[in-house]
Amino acid sequence: MKAWFRLGSIVVGTITAAALTFSAASAATPGTPDDPSSSGHASAAGVGQVIPMTPRPPLVSEALFVPVTPCRIADTRKGGGFMANNASRAFYVTGTTGFAPQGGKSGGCRIPTGATGVTANVTAAGTVSDGYLTGYPTGSIAPITNFITTHRNFNLTANPTFALAAGNARPLTIANHGGNTHVVVDVTGYYIPQLEGLVNIAGATYAGTSRMLGATQLGTGSYRVQWDTDVANCAPMVTVYGGLPGYATSQNLNTVYTIIRTYSPAGTPTDFATQVSVSC
């Protein structure tokens, strides 16, 4: 069982990775009100009341921090060679491939591809002349602030937190400004969005973190939610959205799915929008 910690924001130099905002991917479906409790008809709760169709603001989710045993993802002494003055290099951080050629542990350090940031120990070694290093998400604008100042003939270590570029195979770029230097990067933890979101009354994803891949209605009051990881040993939590009368139950399958069932107060299977989250 992993140990999970919540963090509201991540600050990296001039970059702040704020609390993650849900994306309302299915909220704008033509002909469907922008409200997860409504599908354009009377509420399925059977109270004869049409749920308001007022658009709702997006949900906000905090990031989770997962500590890991320090693990080497890059060592330019063993792969890639010195970083020259004003040179930048993109590194593999997540997944399982590409690490050995950059001097890291073969097979990677078990950082999931959905990670949005990492904490690390970074050492500048064999530096030829004074300078500094910057780190930033690959493809973004390089910050003007550094995470370590390098000095000739000294091996120096810093403990930065880096934001990662979403969807990039090499999500972290480190740039050297000064004399040739080697760079050694050991990761110590990662940040990742929570497993949570909203499922509307018709069984579609209304809003959720990037880790909720989709949802389907299996029948009256029965829904299946798909995640980006195996949730067999995790604890699902589900509530009926909007404070409507009724209740919901959930269970994780031995796969990437959570099954949700919703009922009227009398125990009759009934369609409800739900908010679901999974803790691991």
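These numbers were taken from a predicted model, which means no experiment stands behind them.

Chemist: I would appreciate a short explanation of the overall build of the chain in the present structure.
Modeler: Each helix and strand in the chain was counted, giving 0 helices and 22 strands. Per-residue burial for the chain yields a buried fraction of 46% across its 280 residues. Sequence separation of 24 or more characterises 66% of the internal contacts of the chain that already satisfy a separation of 6 or more. Roughly 13,000 Å² of accessible area belongs to the chain as shown, and the carbon and sulfur atoms make up 53% of that amount.

Chemist: Could you clarify how one ought to interpret the state of the cysteines in this entry?
Modeler: Should the sulfur atoms of two cysteines be covalently bonded, the bond is a disulfide. Considering all chains together, one arrives at 2 disulfides under this definition. Disulfide pairing is shown between Cys-71 and Cys-109; the S-S distance is 2.0 Å. Between Cys-71 and Cys-109 the sulfur-sulfur dihedral comes to about -75°; the bridge is accordingly left-handed. Of this pair, Cys-71 sits in strand 6 (residues 63-75) while Cys-109 sits in the loop between strand 7 (88-91) and strand 8 (117-125), and the two are 38 residues apart along the sequence. We note that Cys-71, like Cys-109, is buried. Linked covalently through their sulfurs, Cys-234 and Cys-280 form a disulfide whose S-S length is 1.9 Å. Taking the sign of the S-S torsion, 105° for the link of Cys-234 and Cys-280, the bridge is right-handed. Of the two residues, Cys-234 sits in the loop between strand 18 (222-227) and strand 19 (235-240) while Cys-280 sits in the segment after strand 22 (274-279), which places them 46 residues apart along the sequence.

Chemist: Would you explain the nonpolar core in this entry?
Modeler: Soluble globular proteins tend to bury their nonpolar side chains together. Ranked by internal contacts, the top residues of the largest apolar core, which has 30 residues, are Ile-73, Val-118, Phe-147 and Val-185. Of all the elements in the fold, those that place two or more residues in this core are strand 6, strand 8, strand 13 (172-178) and strand 14 (182-193). The contact partners of Phe-147, leaving out residues within four places of it in the chain, are Val-122, Leu-133, Thr-134, Gly-135, Ala-158, Pro-160, Phe-162 and Ile-174.

Chemist: Help me out: how do you make sense of the sheet that holds strand 17 (residues 212-219) in this one?
Modeler: Within a sheet, adjacent strands bond to each other through the backbone by hydrogen bonds, running parallel or antiparallel. Here we have 4 strands laid out as an open sheet, ordered 17-18-21-20, and antiparallel in their pairing. Taken across any chain shown, the strands that pair with only one partner, and hence form the sheet edges, are strand 17 and strand 20 (247-252). Pairs of neighbouring strands in the sheet enclose a mean axial angle of 20°, with direction left out of account. Bridge count for strand 18 against strand 21 (residues 257-263) is 5 bridges, and the pairing is antiparallel. Within strand 21, the position partnered with Gln-226 by the bridge is Tyr-257.

Chemist: How do you make sense of the pattern of salt bridges when you look at a structure like this?
Modeler: Once their charged atoms are close, side chains differing in charge can pair, the charge on each being opposite to the other. A full pass over the atoms with the stated rule returns 4 salt bridges. Close ionic contact of Arg-72 with Asp-186 constitutes a salt bridge, the shortest N to O distance being 2.7 Å. Of this pair, Arg-72 sits in strand 6 while Asp-186 is found in strand 14, placing the two residues 114 residues apart along the sequence. For Arg-72, a relative accessible area of 32% puts it in the partly exposed group.

Chemist: When you look at the sheet that holds strand 19 in this model, what are you seeing that I'm missing?
Modeler: In spatial order, the strands read 16-15-22-19; together these 4 strands make up an open sheet with antiparallel pairing. Only two strands of the sheet have a single partner each, and these edge strands are strand 16 (205-208) and strand 19. On average, adjacent strands in this sheet sit at an angle of 20° to one another, irrespective of strand direction.

Chemist: Mind showing me how you'd approach unusual backbone geometry here?
Modeler: Excluding glycine, a negative phi dihedral is what most residues carry, and trans is how most peptide bonds are arranged. In this model, Arg-110 sits at a positive phi of 65°, which is unusual for a non-glycine residue. For Arg-110, the position within the fold is in the loop between strand 7 and strand 8.

Chemist: Is there a simple way to think about the packing of aromatic side chains in this case?
Modeler: Working definition: an aromatic ring pair is given by the centre-to-centre distance plus the angle between the planes. Inspection of the entire model under this criterion finds 4 aromatic pairs. With a centroid separation of 4.9 Å and an interplanar angle of 45°, the aromatic rings of Phe-65 and Tyr-191 are classed as tilted. In this pair, Phe-65 sits in strand 6 while Tyr-191 sits in strand 14, placing the two residues 126 residues apart along the sequence. A ring pair is formed by Tyr-92 and Phe-99, whose centres lie 6.3 Å apart and whose planes are at 55°; its orientation type is tilted. Classification of Tyr-92 by relative accessible area gives buried; the value is 18%. When the ring centre of Tyr-257 is taken as origin, the NZ or CZ atom of Arg-224, which lies over that ring, is 4.8 Å away.

Chemist: Please explain the pairing of strand 14 as it appears in this structure.
Modeler: Consecutive residues of a regular strand have side chains that alternate between opposite faces of the sheet. Most of strand 14 sits out of view: 11 of its 12 residues are buried. Of the strand pairs in this sheet, strand 6 and strand 14 are connected by 9 bridges, and their pairing is antiparallel. Bridge pairing in strand 14 links Ala-74 to Val-185.

Cut-offs used in this document
Residues numbered from 1 in each chain as written. Predicted model: local features only at pLDDT ≥ 70, side-chain atom pairs only at ≥ 80, totals over all residues. Heavy atoms only, no water. Helix = DSSP H or I, 4+ residues; strand = E, 2+ residues; numbered from the N terminus. Buried < 20%, exposed > 50% of the residue type's maximum accessible area, 1.4 Å probe, protein only. Contact = heavy atoms within 4.5 Å. Areas by Shrake-Rupley, 256 points an atom, 1.4 Å probe, with all protein chains shown as cover. Disulfide = S-S within 2.5 Å. Core = buried A, V, L, I, M, F, W, Y, C linked by side-chain atoms within 4.5 Å. Pairing = 2+ DSSP bridges. Axes fitted to C-alpha atoms, helices over the stretch in contact; angles between N-to-C directions. Salt bridge = Lys/Arg side-chain N within 4 Å of Asp/Glu carboxyl O. Phe/Tyr/Trp six-rings, centres within 6.5 Å; stacked < 30°, edge-to-face > 60°. Lys NZ or Arg CZ within 6 Å of the ring centre and 35° of its normal.

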